[in-house]
Amino acid sequence: MLGAFRRNGVAQALRASAPRFLSARVTPQQLQWHPPAFPAVSHVPRSLFHASRISFSAVAEAQAQNVETDQDGRLSSFKQLADQGLVDPVIIRTINKNMGIKTMTDVQSMTIQETLQGSDVLAQAKTGTGKTLAFLLPVVQNILKDNTVKKRSYRRSGTGATSADIRAIIISPTRELAEQIATEAKKIAAGTGIVVQSAVGGTRKMEGLRRIQREGCHLLVGTPGRLKDILSDPESGVQAPKLSSFVLDEADRLLDDGFAPEIMEIQNLLPDPMNVDRQTLMFSATVPSEVMSMVHQTMKPDFKTIKTVKGDEVPTHLTVPQKMVTLDGYQNALPAILELAKNYQAQIANDRNVRPFKAIVYFNSTMQVNLAYQVFSKLLNNPDDRRSGHPLNRLYMMELHARLTQNRRTLTSEYFRKCRSGILFSSDVTARGLDFPDVTHVIQIGAPRSRDTYIHRIGRTGRANKEGEGWLLLHPGENGWIKKRLGDLPIEKDHTLATAVTDLRQEVGDDVSPSAAESVAQIKAAMERIPEDTRVQAFKAQLGTLISVFPRPKDMILAMNELAVHGYYLPEAPSISHNLAQNLGLNDVREANISGRRFGSFRGQRGSSRGPSQFRGGRDNRDNRDYRDNRDYRDNREFRDNRGGNQERRYDSNRRGSNRWDSRDRY
């Protein structure tokens, strides 16, 4: 009977995702659709900055404008929850004094009261709006009021809890986000005797299991795969026979990443909700049909839908100033990053009110991330003097991607979160969900794998009412892809970086500014100290991320050949295997260096110019092929040529000079 109820009303519930108003009204699943109450935003003034955060310390700064009670009667002070007997005073005291939070964000005031009443809730809430605390507080309170829970005792030996005492499970899509939630849950539960544990994959997963077995657990936060492994293993001893709370955070991302089967397996391992009542909470930035399908398979028929997104609210990615720099070639990317950091540090030296430089630099493959991190770590003011110091002074350099151990990923995330300044070279493992306070710059190298990826990356800055800016550094051959997918966003062209347009195919001459020439020389010297194999692997990894971006495979190969010689300072473009060339659709590209055949017209000699190429290219094989670099890979989307009035910029291999791109159709 319950299953029959859950299968009903899907169409009606889907309509609930249409944005309209910010309201405290809580409605059942059968809602009426309303058209959006605002037109599409084509431009947003730079002075607008959207408040977006997860960090609780950031909440305290953003809440100064809140008032004690909302106009429609919602509670907006955490103290009111204790005064009305809704939440234990110990929890509220921890939030107020230890965490420095007095008032609620809109998301918290709209959801906490409803979830405290025990209803199943689907909350549409964006990352960075305080939703972590919004679901943690009711979960901890529900455990605390359960008289059967054996709480940790600080006066006698032993914790009281066991590995079979789990009362709440929270599922997160990534290890970093799960660890972040667990850290905040421990803060809220401090002094209550509630034991919080995490279960994530990686090299230290057995250590986490032993901790659960040794210390017990009341609230378990984890990733889908690891939770399934632990709960399905009878020898682990980890059980949840009295589970009272089940939370899915970032539900849309969980389903986007293909975790639906694991989530359903986890639910099958939990007590039957018909026999053991439990509350299910689901928080999601968007509510597509996949999310609603999960809702009806997971929640009670009378679940509540709460929209915490204003109908007229301007998204974060439309309020952060965004700049696009067209590079002379991929080889100009690292010098441009260095110049950008130097320019900002010069501003800091002249104005003490300028915030410290704290940037995230995104690449599309893990090997690119690692190479850039190594290069910037080896920079020297004077490349000939190893004691000359770093050109960015004591700015910390960090890397974060899927090839690192879980322990290092966790330590790096925590360090970058707490540090005042630094550069984090990252793959998309940090692009969504994680909160890094005070990020001033998000720098993206190359076309992102999708529009959503670009938007989520930009969302790492401009948080908690603080200003930030986004930079997109592109090869000219990527402009067509960007125009089609990001053309409606307020991205402005920027021409302030001299290193971005310096011709690196030949020795830097007197026509280049001394500061730009210095940055180029510093990057070159550091790059040449990196093992050649590392540079070769980065080259091959980047090939796989570009196959759906360039209009022709030949154009992509020509651009990458230049990067190999004039950016990675290799003697020639590295050879790729016949199988890889076939997978990437490059077998017919004469300019590609494929093992077992004579290299084409490009010889990879520094300072030499290419002669006119007679090759017109074969068909672009971009059907269902993608080259994966350790789980950080590009969506497999076919590139379609914009013909007619919106002709894309084409690479002209017959033109000579520093920029051989047809600029008749500018973005």
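Bear in mind the structure is a predicted one, so any value in this text is a computation, not a measurement.

This part is about the overall build of the protein chain. Looking only at helices and strands, one finds 22 helices and 14 strands in the protein chain. Among the 667 residues that make up the protein chain, the fraction classed as buried is 57%. Surface summary for the protein chain: the accessible area is close to 28200 Å², and the carbon and sulfur share equals 46%.

Looking now at the packing of helix α14 (residues 333-350) against helix α19 (residues 514-528). Direction vectors running N to C along α14 and α19 enclose 125 degrees, while the axes themselves pass 9 Å from each other. With respect to α19, the element α14 is oriented oblique. When the axes of α14 and α19 are compared, the crossing they make is right-handed. Across the interface between the two elements, Leu 334, Pro 335, Leu 338 and Lys 342 of α14 pack against Glu 518, Ser 519, Val 520, Gln 522, Ile 523 and Met 527 of α19.

This part takes up the pattern of salt bridges. Side-chain pairing between opposite charges can occur once the charged atoms of the two side chains come close. Taken as a whole, this structure holds 23 salt bridges when the rule is applied. Of the charged contacts, one joins Lys 131 and Asp 249 as a salt bridge, the two residues approaching to 2.5 Å between their closest N and O atoms. Placement of the pair is Lys 131 in helix α7 (residues 131-144) and Asp 249 in the loop between β5 (245-248) and α11 (251-256), with a sequence separation of 118 residues. On the accessibility criterion, Lys 131 (1% relative accessible area) is buried. Relative accessible area serves as the criterion here: at 0%, Asp 249 is assigned to the buried category.

This part takes up α14. Between the first and last C-alpha of α14 there are 26 Å, a value that for 18 residues agrees with the 26 Å anticipated at 1.5 Å per step. Regarding α14, the residues found buried are Ala 333, Leu 334, Pro 335, Ala 336, Ile 337, Leu 338, Glu 339, Leu 340, Ala 341, Lys 342, Tyr 344 and Gln 345. Packed against the buried residues of α14 are β9 (358-362), α15 (366-377), β12 (441-445), β13 (469-474) and α19.

To continue, consider the packing of aromatic side chains. Applying the stated rule across the entire model yields 6 aromatic pairs. Geometrically, the ring pair formed by Tyr 344 and Phe 357 is tilted, given 5.5 Å between the ring centres and 50 degrees between the ring planes. Of this pair, Tyr 344 sits in helix α14 while Phe 357 sits in the loop between α14 and β9, and the two are 13 residues apart along the sequence. Relative accessible area serves as the criterion here: at 11%, Tyr 344 is assigned to the buried category. A relative accessible area of 2% places Phe 357 in the buried class. Aromatic side chains Tyr 396 and Tyr 415 sit 5.4 Å apart centroid to centroid with 80 degrees between the ring planes, which places their arrangement in the edge-to-face category. Here Tyr 396, found in the loop between α15 and β10 (397-400), pairs with Tyr 415, found in helix α16 (residues 406-418); they are 19 residues apart in sequence, far enough to count as distant. Relative accessible area serves as the criterion here: at 44%, Tyr 396 is assigned to the partly exposed category. By relative accessible area, which is 39% here, Tyr 415 ends up partly exposed. A cation over an aromatic ring shows up here: Lys 358 above the ring of Phe 416, its NZ or CZ 5.0 Å from the ring centre.

One open sheet accounts for 7 strands, arranged β3-β4-β2-β5-β6-β1-β7; its pairing is parallel. For this open sheet the edge positions go to β3 (196-199) and β7 (304-307), each flanked by a neighbour on one side alone. Neighbour to neighbour, the strand axes of the sheet diverge by 15 degrees on average, direction disregarded. Sheet analysis places strand β2 (residues 168-171) next to strand β4 (residues 219-222), joined by 4 bridges and oriented parallel. Paired with Ile 170 across the two strands is Val 221, which belongs to β4. Against the sheet, helix α10 (residues 224-232) engages β2, β3 and β4, with an angle of about 145 degrees to β2.

In terms of nonpolar packing, the biggest core is built from 80 residues, with Phe 376 and Phe 425 touching the most fellow members. When residues in this core are grouped by element, the largest group, 8 residues, is from α14. Those residues in contact with Phe 376 that sit more than four places away from it in its chain are Leu 334, Ile 337, Leu 338, His 390, Leu 392, Met 397, Phe 425 and Ile 523.

Moving on, we come to the confidence of the model for the protein chain. With 76% of its residues at a pLDDT of at least 70, the protein chain reaches an overall mean of 80. Here residues 1-71 is modelled with pLDDT under 50, and outside its nearest four sequence neighbours on either side it reaches 161 contacts, counting other chains as well. This model gives residues 601-667 a pLDDT under 50, and the stretch forms 168 contacts once residues within four places in sequence are excluded.

This brings us to the pairing of β4. Both faces of β4 are covered, namely the face carrying Leu 219 and Val 221 and the face carrying Leu 220 and Gly 222. The sheet contact formed by β3 and β4 spans 4 bridges and is parallel. Directly across from Ser 198, in β4, lies its bridge partner Val 221.

What the 7 strands build is an open sheet, ordered β10-β11-β9-β12-β13-β8-β14; its pairing is parallel. Both outer strands of the open sheet, β10 and β14 (491-493), are each paired with one neighbouring strand and no more. Averaged over all pairs of adjacent strands, the angle between their axes in this sheet comes to 20 degrees, without regard to strand direction. Taken together, the 4 bridges between β9 and β12 define a ladder with parallel strand orientation.

This next bit is on unusual backbone geometry. Leave glycine aside and you will find that most residues have negative phi; peptide bonds, for their part, are mostly trans. For Glu 250, which is not glycine, the phi torsion reads 55 degrees and is therefore positive. When you line up the elements, Glu 250 lands in the loop between β5 and α11.

A few words now on the environment of Ala 240. Along the chain, Ala 240 turns up in the loop between α10 and β5. The sequence separation of Ala 240 and Ser 163 amounts to 77 residues, and the corresponding C-alpha distance is 8.5 Å. Not counting residues within four places of it along the chain, the set of residues in contact with Ala 240 comprises Ile 166, Leu 270 and Pro 271.

In this fold, Pro 173 is placed in the loop between β2 and α8 (175-188). Residue Pro 173 is classed as buried on the basis of its relative accessible area, which comes to 7%. Sequence spacing of Pro 173 and Leu 255 is 82 residues, and the spatial spacing of their C-alpha atoms is 8.9 Å. In this structure, Pro 173 is in contact with Thr 223, Asp 249, Glu 250, Arg 253, Leu 254, Asp 257 and Phe 259, ignoring residues within four places of it in sequence.

Of all 8 residues in helix α18 (residues 479-486), 6 are buried; the element is thus mostly enclosed. Listed in full, the buried residues belonging to α18 are Asn 479, Gly 480, Trp 481, Ile 482, Arg 485 and Leu 486. For α18, the elements touching its buried residues are β8 (322-326), α17 (451-458), β13 and β14.

When you tally the buried positions in β13, you get 5 out of 6 residues, the bulk of the element. Inspection of the sheet shows β8 paired to β13 by 5 bridges, in the parallel sense. When the bridges of β13 are listed, Gln 322 appears paired with Gly 470. On the question of chirality, the crossover connecting β12 to the parallel β13 by way of α17 is right-handed.

Cut-offs applied
- Residues numbered from 1 in each chain as written.
- Predicted model: local features only at pLDDT ≥ 70, side-chain atom pairs only at ≥ 80, totals over all residues.
- Heavy atoms only, no water.
- Helix = DSSP H or I, 4+ residues; strand = E, 2+ residues; numbered from the N terminus.
- Buried < 20%, exposed > 50% of the residue type's maximum accessible area, 1.4 Å probe, protein only.
- Areas by Shrake-Rupley, 256 points an atom, 1.4 Å probe, with all protein chains shown as cover.
- Axes fitted to C-alpha atoms, helices over the stretch in contact; angles between N-to-C directions.
- Parallel < 35°, antiparallel > 145°, perpendicular 65-115°, else oblique.
- Left-handed = near helix turned anticlockwise from the far one by under 90°.
- Contact = heavy atoms within 4.5 Å.
- Salt bridge = Lys/Arg side-chain N within 4 Å of Asp/Glu carboxyl O.
- Expected span 1.5 Å × (residues − 1).
- Phe/Tyr/Trp six-rings, centres within 6.5 Å; stacked < 30°, edge-to-face > 60°.
- Lys NZ or Arg CZ within 6 Å of the ring centre and 35° of its normal.
- Pairing = 2+ DSSP bridges.
- Core = buried A, V, L, I, M, F, W, Y, C linked by side-chain atoms within 4.5 Å.
- pLDDT = per-residue confidence, 0-100.
- Right-handed = clockwise from strand over helix to strand, strands pointing away.

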